[in-house]
Amino acid sequence: MKRVLSGIQPSGELHLGNYLGAINHWVQMQHTTDAFFCIVDLHAITVPKSPGELGRDSLKLSQMLMAAGLDPEVCTIFVQSHLHEHAECAWLMECTVSFGELSRMTQFKDKSEQHDFISAGLFTYPALQAADILLYDADEVPVGDDQRQHIELTRDIAERFNSRYGDTFVLPVAVINNTGARVMDLQHPHKKMSKSLESPRGTVGLLDTPAIITKKIKAAVTDSETEVRYDVETKPGVSNLLSILGAATQNDPAELAVRYEDYGTLKVDTAEAVIEMLRPLQARFAELEADPAETMRLLRIGADKARGVASATLARAKQNIGLLSP
Ligand code: AMP
Ligand code: TRP
């Protein structure tokens, strides 16, 4: 079976875009691959975090992922900082990647402009990400388009390491999911739906109540025509609603369009479909949230499974480098 690994930062709440664009594919993938999902809290501290926030966010994200259908008995869900292997392997990666390569990463350029304090960790972030991937001999890394450059760099690091020290790491490939829905902001349908802080009215949180979901979808920006047509260029708002409805009901958005005469009915049905899609997720989340000790137990099982793979890879890497074994 193919080995797959992906990582997700514990920041903010998950929204409909995360779910339809990534997480529901992960849920399917766990049955056809040997899948590892890592909550990357060490990546999150590359920018300042308040101490209480991080642990809470990691716990909540684990519960969201499990509620969305990632089953700890089927795949491996774990928290990055629960294994020392990630940070340790990251050092080996830092000594394999060059300053110039790291300087060319566009995510670093973007993020460093948003902060006054630029940590060295923000700069070496892709080396830690390479460790996350290479420790698991991952064949494939499902990610959004913005991560393509980091996965390419991971391949380069693995190749360089292998040529210096002998065959050690598997070269991974990025799998950019283009078939999944790209969910746009309900208020600014030219922009991707993103963290709720930036546009709370345009973002549907996975834990939003039915009343709030209905309110946000009813208020979605459409256009001054009245015809329901799937045309992303000229009718981005209406097309976004059609693709959300399509993704939630497994229908083709263009085929759905012919069934509607007016925007009002389309909005009512879209809201209904999203509410129904999220209902079981929200119910499972409430159960998990009520019993954090059970989530912690599941995360410990995940960390143990992850460690089984990661520690062997790290030992192989250290041995191939020729570090004197203790
Ligand atoms: P982020 O937290 O923005 O890095 O997103 C985590 C995952 O969700 C990535 O795989 C993204 O590709 C996916 N994602 C985020 N926003 C959207 C969106 N609006 N539409 C579709 N997928 C998204
Ligand atoms: N850098 C990724 C992001 O910002 C998160 C991430 C960390 C990741 N380690 C990973 C993704 C390993 C895939 C594989 O979204």
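Please refer to the structure higher up on the page.
Within each chain, residue numbers correspond to sequence positions counted from 1 in written order. By the order in which they are written, chains take letters starting at A while ligands take numbers starting at 1. Residues qualify for local features only when their pLDDT is at least 70, as the model is predicted, and side-chain atom pairs are given and counted only at 80 or more; totals for whole chains, interfaces and linings, by contrast, use all residues. Working from all heavy atoms in the structure, the side-chain values ignore hydrogens and water.

Draft legend 1. Local environment of the side chain of Glu101. Along the chain, the position of Glu101 falls in helix 5 (residues 99-103). Residue classification places Glu101 among the buried positions, given a relative accessible area of 11%. Looking at Glu101, its side chain comes within polar contact range of the side chain of Arg160, at 2.7 Å. Contacts between residues were defined by any pair of non-hydrogen atoms, one from each residue, lying within 4.5 Å. In contact with Glu101, other than residues within four places in its own chain, are Leu153, Asp156 and Arg160. Each helix is a run of DSSP H or I of at least 4 residues and each strand a run of E of at least 2, with the numbering of both proceeding from the N terminus. Relative accessibility decides the category of a residue: with a 1.4 Å probe and only protein chains considered, values under 20% of the type maximum give buried, values over 50% give exposed, and everything between is partly exposed. Within 3.5 Å is the distance limit for a polar contact, defined as a pair of N or O atoms, with the added protein rule that one can donate a hydrogen and the other accept it, and that residues adjacent in sequence qualify only through two side-chain atoms.

Draft legend 2. Layout of the environment of Val27. Assignment of secondary structure puts Val27 in helix 1 (residues 16-32). On the basis of relative accessibility, which here comes to 17%, the residue Val27 falls in the buried class. Residues Val27 and Gly302, 275 residues apart in the sequence, show an inter-C-alpha distance of 16 Å. For Val27, the contacting residues outside a window of four places in its chain are Ala68, Gly69 and Leu70.

Draft legend 3. A look at the packing of aromatic side chains. Each Phe, Tyr or Trp ring (for Trp, its six-membered ring) is paired with any other whose centre lies within 6.5 Å, and the angle between the two planes then decides the class: stacked below 30 degrees, edge-to-face above 60, tilted in between. This structure, assessed with the given rule, holds 7 aromatic pairs. Geometrically, the ring pair formed by Phe36 and Tyr136 is tilted, given 5.1 Å between the ring centres and 40 degrees between the ring planes. Taken together, the residues Phe36 in strand 2 (residues 34-39) and Tyr136 in the loop between helix 7 (120-134) and strand 4 (140-143) connect sequence positions 100 residues apart. With respect to burial, Phe36 and Tyr136 carry one shared label: buried. Three or more aromatic residues joined by ring pairs make a cluster, and in this case those are Phe36, Phe78 and Tyr136.

Draft legend 4. Broad picture of the pairing of strand 2. By the criterion of burial, strand 2 is predominantly enclosed, with 5 of the 6 residues buried. For two strands to be treated as a pair, DSSP must find no fewer than two bridges joining them. Bridge analysis of strand 1 (residues 3-8) against strand 2 gives 6 bridges, and the strand direction is parallel. Across the sheet, residue Val4 finds its bridge partner in strand 2, namely Ala35. Handedness of a crossover: with both strands directed away from the viewer, a clockwise path from the first strand across the helix to the second marks it as right-handed. Note on the crossover from strand 1 through helix 1 to strand 2: the handedness is right-handed.

Draft legend 5. Local environment of the site of ligand 2. Among the 13 residues in the neighbourhood of ligand 2, the closest are listed as Gly7, Tyr125, Gln129, Asp132 and Gln147. One nitrogen or oxygen atom from the side chain of Gln129 is found 2.9 Å from a nitrogen atom belonging to ligand 2. Asp132 has a polar side-chain atom sitting 2.7 Å from a nitrogen atom of ligand 2. The Shrake-Rupley method, run with a 1.4 Å probe sphere, supplies the accessible areas, and residue values consider only the shown protein chains as cover. For ligand 2, whose unbound accessible area comes to 360 Å², protein coverage reaches 89%. Elements with a contribution of two residues or more to the shell around ligand 2: strand 1, helix 7 and strand 4. Take the shell around ligand 2: its biggest share by element is 4 residues, from helix 7. Taken together, the residues of the shell around ligand 2 break down into 6 nonpolar, 6 polar and 1 charged. We call a residue near a given molecule or strand whenever any one of its heavy atoms falls within 4 Å of it. Any residue that is not Ala, Val, Leu, Ile, Met, Phe, Trp, Tyr, Cys, Pro, Asp, Glu, Lys or Arg is counted as polar, Gly included; the first ten are nonpolar and the last four charged.

Draft legend 6. Looking closely at the pattern of salt bridges. Salt-bridge detection follows one rule: a side-chain nitrogen of Lys or Arg within 4 Å of a carboxyl oxygen of Asp or Glu. Applying the stated criterion across every chain, the model contains 17 salt bridges. As a salt-bridge pair, Glu225 and Arg229 come within 3.4 Å of each other at their nearest N and O atoms. Classification of Glu225 as partly exposed rests on a relative accessible area of 39%. Classification of Arg229 by relative accessible area gives partly exposed; the value is 28%. Linked through salt bridges whose partners overlap, the residues forming this network are Asp223, Glu225, Glu227, Arg229, Asp231 and Lys235.

Draft legend 7. Main features of helix 7. Helix span, expected: 1.5 Å multiplied by one less than the number of residues in the helix. A rise of 1.5 Å per residue sets the reference length of helix 7, with its 15 residues, at 21 Å; its end C-alpha atoms lie 22 Å apart and thus fit the reference within 8%. At every residue, the bend is computed as the angle between two fitted axes, covering the seven residues ending there and the seven beginning there respectively. Where helix 7 bends most, at Pro126, the angle is about 40 degrees.

Draft legend 8. Quick look at the nonpolar core. Buried residues of nine kinds, namely Ala, Val, Leu, Ile, Met, Phe, Trp, Tyr and Cys, make up a nonpolar core once their side-chain atoms join them within 4.5 Å. Leu16 and Leu65 are the most contacted members of the largest nonpolar core, which has 52 residues in total. In terms of residue count, helix 12 (residues 263-289) provides more of this core than any other element does, 11 residues in total. In contact with Leu65, other than residues within four places in its own chain, are Ile8, Leu14, Ile23, Trp26, Ile39 and Leu70. Counting residues in hydrophobic clusters, the runner-up holds 41 residues, among them Leu5, Leu83, Leu134 and Ala158.

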